[in-house]
Amino acid sequence: MSSAVREIDNTLDVPGQRAALITGGHDLGSLTDVACAPWEAPRPPRAWYIAFGLSLALLAVLGAMIGYLVLNGVGVWGLNNPTGWAFDITNFVFWVGIGHAGTLISAILFLFRQKWRTSINRFAEAMTIFAVVCAGVFPGIHVGRIWLAYWLAPLPNQMAMWPNFRSPLLWDVFAVGTYATVSMLFWYVGMIPDLATFRDRARSKWKQVVYGLLALGWTGSSRHWHRFERAYLILAALATPLVLSVHSVVSFDFAVSQLPGWHTTIFPPYFVAGAIFGGFAMVLTLAIPARELFGLKNIITPRHLDNMCKITLLTGSIVGYAYLLEFFTAWYSGNPYESFVFKARALGPYAWAYWTMIGCNVVAPQLFWFKAFRTRVWLILLVVMCVNIGMWFERFVIIVTSLSQDFLPSSWDYFRPTWVDLLTLAGSFGLFFTLFLLFCRYLPMVAMAEVKTVLPLTDPRAHPHPHVPATRAFDYNPDEFDPAATSNPRDAREERP
Amino acid sequence: MNHAPDMSKDVRPIATGRAAFCAAVVGALGLAAGVLFGLRDGWDVFFRSYLLNYTYVLSLALGALFFVMLQHLVRAGWSVSLRRLAELVAGTLPLLAVLFLPLLVPLLAGMPGVWEWASAEAVAHDASGLLRHKQPYLNVPFFIVRCVVCFAVWVGLARYFVRRSVAQDATGDVQLTVRMQWWSAPGMLLYGLTVTFFAIDALMSLNPHWYSTIFGVYFFSGSLVGFFALLALLVYFVQRAGRLTHAVTVEHYHDVGKLAFGFVVFWAYIAFSQYLLIWYANLPEETVWYQPRQGDAWWTGVSLLLLLGHFVAPFAALLSRWPKRRKGTLACAGAWLLFMHWLDLYYLVIPRAHGHGHEPAAPLHLTDVALLAGLAGVCVAAILRAMARQALLPERDPRLNEALSFENI
Amino acid sequence: MNGASPANAGGPQRPGTGRGGPVLRGLLVEFDSPGALITAAERVRDAGYTRWDTHSPFPVHGIDAAMGIRPTRLPWIVLALGVIGCITGLALQWWTNAADARHFPWVPVHLQGYTFHVSGKPLFSLPANIPVIFEMTVLLAALGAVVGMLAMNNLPLHHRPLLALTRFKRATCDRFFVYVDAADPRFDPAGTPEFLATLGAAAIEPVEEVVDSGRLPRGLTIAGLFIVCLALLPPLLAAKARVSKSEQPRFNIIADMDNQERFKAQQAHALFADGRASRPPVAGTLARGDLRGDPHFYEGRVAGEFAATFPPQVQITEGSIRRGQQRFNIYCAPCHGLGGAGDGIVAQRALNLDTPGWVAPTSLLDPLVVERPVGHLFNTITNGIRTMPPYGDQIAEMDRWAIIAYVRTLERSQNARLEDVPAELRSELR
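### Focus on the overall build of chain A
Item 1. Each helix and strand in chain A was counted, giving 15 helices and zero strands.
Item 2. Here the C-alpha atoms of chain A give a radius of gyration of 25 Å, agreeing with the 23 Å that 2.2 N^0.38 yields for 497 residues.
Item 3. Referenced to the eigenvectors of the C-alpha coordinate spread, the extents of chain A come out at roughly 75 × 70 × 40 Å.
Item 4. Within the span of chain A, comprising 497 residues, buried residues form 53% of the whole.

Okay, structure coming up:
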C-alpha cells in the first residue's frame, strides 16, 4: 500500500517561506482517498494482523492476571510492608502520562496555531484515551476489593459516609475522570466531520448505518462549522489547563506527603513535563509504524517527526532540569532525610533503576540535538524506545526508592516484582495496542477536515507568503552555510541614516 | 498586501530626546533620593529596597530576552513586528549588569548586606547549623562567580540577538535569521539554568534556611507576566507616538493579551503548587517562609491582594476576547499587571523571618518608591535612547509578511 | 457529474403536491473551490435570502462574513456552566466534608455530610478543595461546550433530504455547496434557479423529498416501548428491595468477609454436651501467667477492703515516680490534665463542643480523691468508673501503682507547704 509513496525531506525551510506540511501534491479528493485508504482497504496489511494477534494475546494475559488477582488478593503482587505502592501505581502514572502528549498536540498546539498538529492530532488523541483506559485499570485493581471501587465516587450510602475531599487520591478520581471525559468529547467532536466522510463513502449498508449514526447527521453546514470551530477552540482552551492539572494532581499524590523524595515543590510542573515527554515518545513510537503501514508518509512527513523530536528534546531537558534541582535542593536543604534518599537513589540498592532512568531520560534525548537523529526513523525509534523505558523507570524510582527506605531503617525492605506484576504490566500494553489497532482500522486515523485546511489551495485568500514546494528546501541548509556568500553582518553595525 | 508607503513611517526611530532626558533626570533624582533615605533609614533598608527594585527591572529585561529567543526558537512569524520592542527591553541587560554592582559593595566590604549568609557572625551563631552546611555554596566568592557567569550569559545573549536583528535591517540577510534560530536553542538552555540559579542566589537565599525546588520557575513565571504587561504598554505608547501603526494590528494586541493571560494563569499554577504542597505537609522548615508573609495584617493583606490582583482580577478581565482586542483596555491591564509584578517581588524580597533581631520599622519605605523611580527611570531612559537610534521594526525580517497578515481564530 | 444543465435543473416543481409524491425542498448548487463558494455566498446574502446555507468539507476561512453569520452565543453557555461547575465543586466538598449534620436534621441521613478530621487540616480547607473545584469547572464547561454546540446546531438529526443526494456525498470530501431552502420567503421556483445559475456554479440540482406519513412503523413503536419497560425493571426491583424486609440472609455476590468459617462467642454447637461452641477452661486449671494470687497487688484489696497502703512489691523511688509520670501523661493526662485538675485537652474540647452526655473528668486534686485509699484508685484505673473506660488491659499492674504514686505526688505538690521543699532549694523559690 505504501510502496508508491516517495519520501520528501521537508524539514528545512528558508526563513519567510514555509515548507509544505503535506507533501505529494495532494488536492482535496486525493487527500481524502489517502486518509480513508486504511479504512477502505478490503483487508488491513499483514503486519496489522500480526500486531493485532499479539495484542489480543497480551490482552488475554491482562484479563487472566486481573482474574487471578481478584481471586487471590493483592498478595500476589510483590508489595511488602514499606513498599505499599509499586508496579500498580507506577503503571498508573506511566499510562496517564502517556496520554498527555495527545492533549498537548490537540489542544495546546492548536492554541499556538501550530498547523502541523493536524496530521497527527487524531491518533494522538486516540492514544490519549486508550492510555487513560489503561491507567484507569490500575487504581481500580489496586484497591483490592475491586467490586467496591465505586466507593471512590462521592455517592451517598447507608453509612452517611463520604469520600475525604482533602485527600489527593480523591482529587485523582476527579482529575482523571474529568480528563477521560473531556478527552473523549474532544476526540469525538473533532471526529464528527470525518465520520460523516466515512458515512458518505461507505459502500455497505451496515457501515452507512453505523457511521451515519456516529456522524449525527453532519452536513458540513457553514452555520454548523461556525459553532463547531468555536466549541473546538473552547474545548482546547479548557483542555490546556486540564492537562496541566491532571499530572499535577497525580504528582500531589506523592508531593503532599512528608516522605523524602516525594515532598518537593517542583513536582507538579516536573510531572507535567515528564508526562508530555513520555507521551511524545509514545506518539512517535506509534506514528512511525503507522505512517509506513498505512501509506501516510505524505501526511505525517519528516517535518512532523522532526518537530516531535524537538519537543521530546525540550521536555526531556526540562525533566533533566528537575532532576538537577531535586539533587541540588536535597543537599541545599540540609535535611538529612532528603539527602539520604537522593544518595540512596544514585548509589543504593535501586541504583540500577536510577541510572537506567538517567540514561534513557536525560542522555538519550540529547541525541536529538543532531539532525541525523531526528530524520532517520530507525534512530528516532531507538531514542524514543529508550524514553518509553526511561519514563516508566522514572515513576518506579520515585515510588519505590522513597517507600522502600523511609524514616525507619528497621522496616526497610527491597521490592521484588512477582511474575503477576510483570505480566500485568505486559498485559496493559496488550489492552493499549488492541484498542489502538482497532482504531486504526475502523475510525478516521487522520483528521481529514483539519488537514484540508492546511493545504495551500484551500485558503480562499491570496496568500502573502508563498508555499514553496518542499524540494526547494534543499536549496538552503544552515550546515552548509557559507558566510562569504552573503553580506557580512558586521557591516550592518553602521548607523542607519 | 502592500504596506510599503505606510511602513516607512512605521519604522522610523522616534525622536525621544526630551523624554529620555526626563526619564534620566527622574532616574538620577530617584537614586539620589534613595541614597538620602538610605542614610536616614539605614543601609539595611536601602539595600533590601535596591534588591527589590533591581530584580524588578531585571526580571522585565530577562522576560524580554526569553521572548526574543523563543520567537527565534519556534520560527514564529506573527511576532516579528513586536520583536524589536522586546529587543529594546532586552538591550538594557548590559546596563543592568552595571546596576547590579552596588549590591556587591557591602559583600566586598565585608558587610552582610541583604544576605544573612554573607555574614560570618550569622553563620557562626546559627543554631540550626544550616548556614554552615550551605557555606560551600552560599559564600561571597562563589556567589560573585555565579553572578558573573549569569550576567555574562545574559549580556552575551542579549547583544547577540539584538545586534544580529539590527544588522538585518541594513542587509536583509536571511542567514542572520538562521543563525539566530540556531543559537536560540542552546541559548534557552543557558537561560533556564542561569535564571534559576540567580533566583535562588539573589532571592531564595534571603531566607537561607528555606528552600523550594520550584522557586526558579516561580520567578520566571512572574517575570513573563511582567514582560507581557510591559509589552502591551510599550506597543500602546509607540502607536500613540505614530509608529508601528500598520505593522502592529489588533491581532497582535490579541496575542499579547493571550500570552499575558496565559502567564497569569501559569504564575498562579506555580504559586499554588508551591503553596499547596507546603501548606499540606506543614513542615516547620518550609512553613517558615510563609509565616512572616501571613503573620500580620499588612502581609496577609499583601498576600490576598496578590491572589486577587495578580490572578483573579486579570483572569476575569482577560478571559474574554474583546478586552484583548481593545488597545486601551489591554494597556490598562498591562499597567495593572506591571504593578502586580512589582508587588509580587515585594512579597518575595521584603518580609523576613521573625526573631532575627532586625525587624524593619515599617514594611514600606520611601526608599522603595525612590529607588523604583530611580532604577525604572534609568532603564526607561536607556530604552528611549535606543529607540531614537534604531528602527522600531525588524523591517527586513523574512517573516515580516506573516506578521502583517495573520488573523486569530 | 457536472453535466446537468443549470437551466433545466430547477424544474418547476410545486411544493406540497400531495402525500407520497416528491416535494421540492430546495436547490443545491455545487462549486469546486472555496473561493468560488465565498463569492457565491456573498451574492446569495446580498440577494436577501435568509433560509439558506453553504456546505463544505472543512471550515472555509471568511465564510462567516460572506454569509453574514453572527458570532455564536456558545461562550456564554460555557461560562454559565463553568460557574455552575465551580459552585457545585465547592458546595459538594463543603457539604460532604465540612457541614455539621446536626444543623440540618431535616436532610435524610444518607445525604447528610460527614465531618471528619484528616491530618490536622481544618474541616473546610480551601487550598485542598481547589483541585476538585477546578476539575468540576472544566468538566461542566466542556460538557456545556459540546452539548451546547450540538443543540444549537440541531444535531443529531439524521433525516435530511440533502443526505439522500449522491452529489452531496462529496460535501464531506472535496466539493462546496450552496443550498437555498424552498421555505425561504424570497424563494421563487422560477426566479431562484435563474439567479443561482448566474453564480458560476459547476452544477445545480433540486433537492426533493418523498413525503411519507411521518409516523414510525408500528413494529418499531412496540419494540421501543418494550425496551423501555424492560429497562425500568431493574430500578423497580432495586426500589422494592430498598423498602421491603426479608427473613433470608443477604445475598452476597462476592463473599468478602461476611461469612467466615469460625464460631462466634455464645454460638451453639451440637458437638459438645453443653451445646456451646466455645469451650470454657478445664475445671481447676489456669493459663500460664493468669495466676493472680495476691489481691493486694492485683486488685488493690486487703481482706476485701480497698488497701490504704502500697503493696510490698512496689518500691516508691524517684525512678518509679518518673515512670508513673510518664504513664500518667500518656494515659490519664488527655482527660485529667497534666496537673490532674480534670482539664485535659479532651475535656476542654468536649466542653467547647458542648457534647451531650459528657461527664467531666474528676479533678484528682479534689479532697475526695486525696482521701481515697490507694487501693480505690487502683480499682478505678483497672475497671473504670462512670464514663471512664477500664485501663486494666492497657497498663500493667506495676505501672498502675506507679501512676498512683505519681498522682499522690501531684496532690501533694498542689497542697504543699514551705516545709515540704528541701531546705537547700528554698532559696530558689520566689
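Still more ground to cover, so stick around.
### Comments concerning the overall build of chain B
Item 1. When you go through chain B residue by residue, the secondary structure sums to 18 helices and zero strands.
Item 2. Radius of gyration (C-alpha) of chain B: 22 Å, near the 22 Å computed for a compact globule of 409 residues.
Item 3. Projecting the C-alpha coordinates of chain B onto the three principal axes gives extents of approximately 70 × 40 × 40 Å.
Item 4. Burial status across chain B gives 52% buried among its 409 residues.
Item 5. Restricting to contacts in chain B with at least 6 residues of sequence separation, those with at least 24 account for 84%.

### Some thoughts on the interface of chain A and chain C
Item 1. The partner chain C presents 63 residues to the 57 residues of chain A that form the contact.
Item 2. Of all elements in the fold, only α1 (28–40), α5 (168–201), α7 (222–255) and α15 (448–454) of chain A reach the threshold of two or more residues within the side of chain A that touches chain C.
Item 3. Ranked by residue count, the leading element in the side of chain A that touches chain C is α7(A), at 16 residues.

### As for unusual backbone geometry
Item 1. The omega torsion of the bond from Leu155(C) to Pro156(C) falls at -5 degrees, within 30 degrees of zero and hence cis.
Item 2. Looking at the secondary structure, you find Pro156(C) in the loop between α5 (126–152) and β3 (176–181).
Item 3. For Arg75(B), which is not glycine, the phi dihedral falls at a positive 50 degrees.
Item 4. Mapped onto the elements of the fold, Arg75(B) is located in the loop between α3 (43–73) and α4 (80–90).
Item 5. A positive phi is found at Arg386(C), a non-glycine position, where the angle reads about 45 degrees.
Item 6. One can find Arg386(C) in the loop between α12 (374–383) and α13 (397–414).

### A word on the interface of chain B and chain A
Item 1. Chain B puts 45 residues into the contact, and the matching count from chain A is 37 residues.
Item 2. Of all the secondary structure elements, the ones that give two or more residues to the side of chain B that touches chain A are α8 (130–134), α9 (140–171), α10 (174–202), α12 (250–281) and α18 (400–405) of chain B.
Item 3. Top element by residues in the side of chain B that touches chain A is α12(B). It accounts for nine residues.
Item 4. Partitioning the side of chain B that touches chain A into residue classes produces 25 nonpolar, 13 polar and seven charged.

### Examining the packing of α7(A) against α5(C)
Item 1. Where α7(A) contacts α5(C), the two axes come as close as 10 Å, and the packing angle between them is 160 degrees. Considering the angle they form, α7(A) stands roughly antiparallel to α5(C). In this structure, the crossing between α7(A) and α5(C) has a hand that is left-handed. On the side of α7(A), the interface is formed by Arg227(A), Phe228(A), Ala231(A), Ile234(A), Leu235(A), Leu238(A), Leu242(A), Ser245(A) and Val249(A), while α5(C) contributes Pro131(C), Phe134(C), Glu135(C), Val138(C), Ala141(C), Ala142(C), Ala145(C), Val146(C), Met149(C) and Met152(C).

### Side note on the pairing of β3(C)
Residues and elements named next belong to chain C.
Item 1. Taken across its six residues, β3 has five buried, putting it largely inside the fold.
Item 2. Relative to β3, strand β1 (residues 22–31) is paired through six bridges, and the arrangement is antiparallel. Bridging from a neighbouring strand, Glu 30 pairs with Phe 177 of β3.
Item 3. Summarising the sheet, strand β2 (residues 52–55) and β3 pair through four bridges and their orientation is antiparallel. The residue of β3 that forms the bridge with Trp 52 is Val 180.

### What to know about the nonpolar core
Item 1. Core analysis: the largest hydrophobic core is formed by 329 residues, its most contacted members being Met127(A), Val283(A), Ala61(B), Leu65(B), Leu231(B), Ala232(B) and Ala260(B).
Item 2. Of all the elements, α3(B) adds the most residues to this core, at 19 residues.
Item 3. Filtering out sequence-adjacent residues up to four positions away, Leu231(B) remains in contact with Leu82(B), Leu85(B), Ala86(B) and Val256(B).
Item 4. Core analysis: the next-biggest nonpolar cluster, separate from the first, contains 19 residues, Ala307(C), Leu377(C), Ile403(C) and Tyr406(C) among them.

### Re the environment of Leu324(A)
Item 1. Looking at the element boundaries, Leu324(A) is found in helix α9 (residues 302–332).
Item 2. Note: C-alpha distance between Leu324(A) and Phe271(A) (53 residues apart in sequence) is 14 Å.

### Structural notes on the environment of Leu155(A)
Item 1. Along the chain, Leu155(A) turns up in the loop between α4 (117–142) and α5.
Item 2. Along the chain, Leu155(A) and Pro38(A) lie 117 residues apart, while their C-alpha atoms are 44 Å from each other.

### Side note on helix α10 (residues 336–347) of chain A
Residue and element names in this part refer to chain A.
Item 1. With 12 residues, α10 extends 16 Å between its outermost C-alpha atoms, agreeing within 8% with the 16 Å of an ideal straight helix rising 1.5 Å per residue.
Item 2. Here α10 has its buried residues at Glu 338, Val 341, Phe 342, Ala 344 and Arg 345. The buried side chains of α10 occupy one side of the element, clustering within an arc of 155 degrees when seen end-on. Residues of α10 that are exposed and point over 90 degrees away from its buried face: Pro 336 and Leu 347.

### Some remarks on the environment of Gly279(A)
All names here are of chain A.
Item 1. For Gly 279, the location among the structural elements is in helix α8 (residues 267–293).
Item 2. Residues Gly 279 and Ala 51, 228 residues apart in the sequence, show an inter-C-alpha distance of 21 Å.
Item 3. Excluding its chain neighbours within four sequence positions, the residues that come into contact with Gly 279 are Gly 97, Ile 98, Gly 99, His 100, Ala 101 and Gly 102.

### Here we look at the packing of α8(A) against α9(A)
Residue and element names in this part refer to chain A.
Item 1. One can describe the packing of α8 onto α9 by two numbers: an axis separation of 8 Å at closest approach and a directional angle of 150 degrees. Regarding the angle of α8 to α9, the classification is roughly antiparallel. The handedness of the crossing between α8 and α9 comes out as left-handed. Only Leu 305, Met 308, Ile 311, Thr 312, Thr 315, Gly 316, Ile 318, Val 319 and Ala 322 of α9 make contact with α8, whose side of the interface consists of Tyr 270, Ala 273, Gly 274, Ile 276, Phe 277, Phe 280, Ala 281, Val 283 and Leu 284.
Item 2. Of the residues in the contact of α8 with α9, the class split is 14 nonpolar, four polar and no charged.

### Remarks on the confidence of the model for chain B
Detailed conclusions should not be drawn from predicted coordinates in areas where pLDDT is low.
Residues and elements named next belong to chain B.
Item 1. Averaged over every residue, the pLDDT of chain B is 91; residues scoring 70 or more account for 95%.
Item 2. Contacts of residues 1–5 to residues separated by more than four positions or lying in other chains number six contacts, the stretch itself having pLDDT below 50.
Item 3. If you check the scores for this complex, the pTM reads 0.85 and the ipTM reads 0.93.

### A short note on the confidence of the model for chain A
Residue and element names in this part refer to chain A.
Item 1. For chain A, per-residue confidence averages 88 on the pLDDT scale, and 91% of positions sit at 70 or higher.
Item 2. A low-confidence stretch, residues 1–6 stays under pLDDT 50, and its non-local contacts, those more than four residues away or across chains, total 12 contacts.
Item 3. For the stretch residues 462–497, pLDDT sits under 50, and the model shows 55 contacts to residues farther than four places along the chain or on other chains.

### Notes on the sheet that holds strand β4 (residues 203–210) of chain C
Residue and element names in this part refer to chain C.
Item 1. Ordered by their spatial adjacency, four strands build an open sheet running β2-β3-β1-β4, and the pairing between neighbours is antiparallel. One side of each edge strand has no neighbouring strand; the edge strands of this open sheet are β2 and β4. In this sheet, adjacent strand axes meet at a mean angle of 25 degrees when their direction is disregarded.
Item 2. Across the face of the sheet, helix α2 (residues 34–46) comes into contact with β1, β2 and β3 while running at roughly 20 degrees to β3.

Criteria and cut-off values
- Residues numbered from 1 in each chain as written.
- Chains lettered and ligands numbered in written order.
- Predicted model: local features only at pLDDT ≥ 70, side-chain atom pairs only at ≥ 80, totals over all residues.
- Helix = DSSP H or I, 4+ residues; strand = E, 2+ residues; numbered from the N terminus.
- Rg over C-alpha atoms; globule rule 2.2 N^0.38 Å.
- Buried ≥ 20, exposed ≤ 12 C-beta atoms within 10 Å, placed from the backbone.
- Contact = placed C-beta atoms within 7 Å.
- Nonpolar A, V, L, I, M, F, W, Y, C, P; charged D, E, K, R; others polar.
- Axes fitted to C-alpha atoms, helices over the stretch in contact; angles between N-to-C directions.
- Parallel < 35°, antiparallel > 145°, perpendicular 65-115°, else oblique.
- Left-handed = near helix turned anticlockwise from the far one by under 90°.
- Pairing = 2+ DSSP bridges.
- Core = buried A, V, L, I, M, F, W, Y, C linked by C-beta atoms within 7 Å.
- Expected span 1.5 Å × (residues − 1).
- Arc of directions from axis to C-beta.
- pLDDT = per-residue confidence, 0-100.

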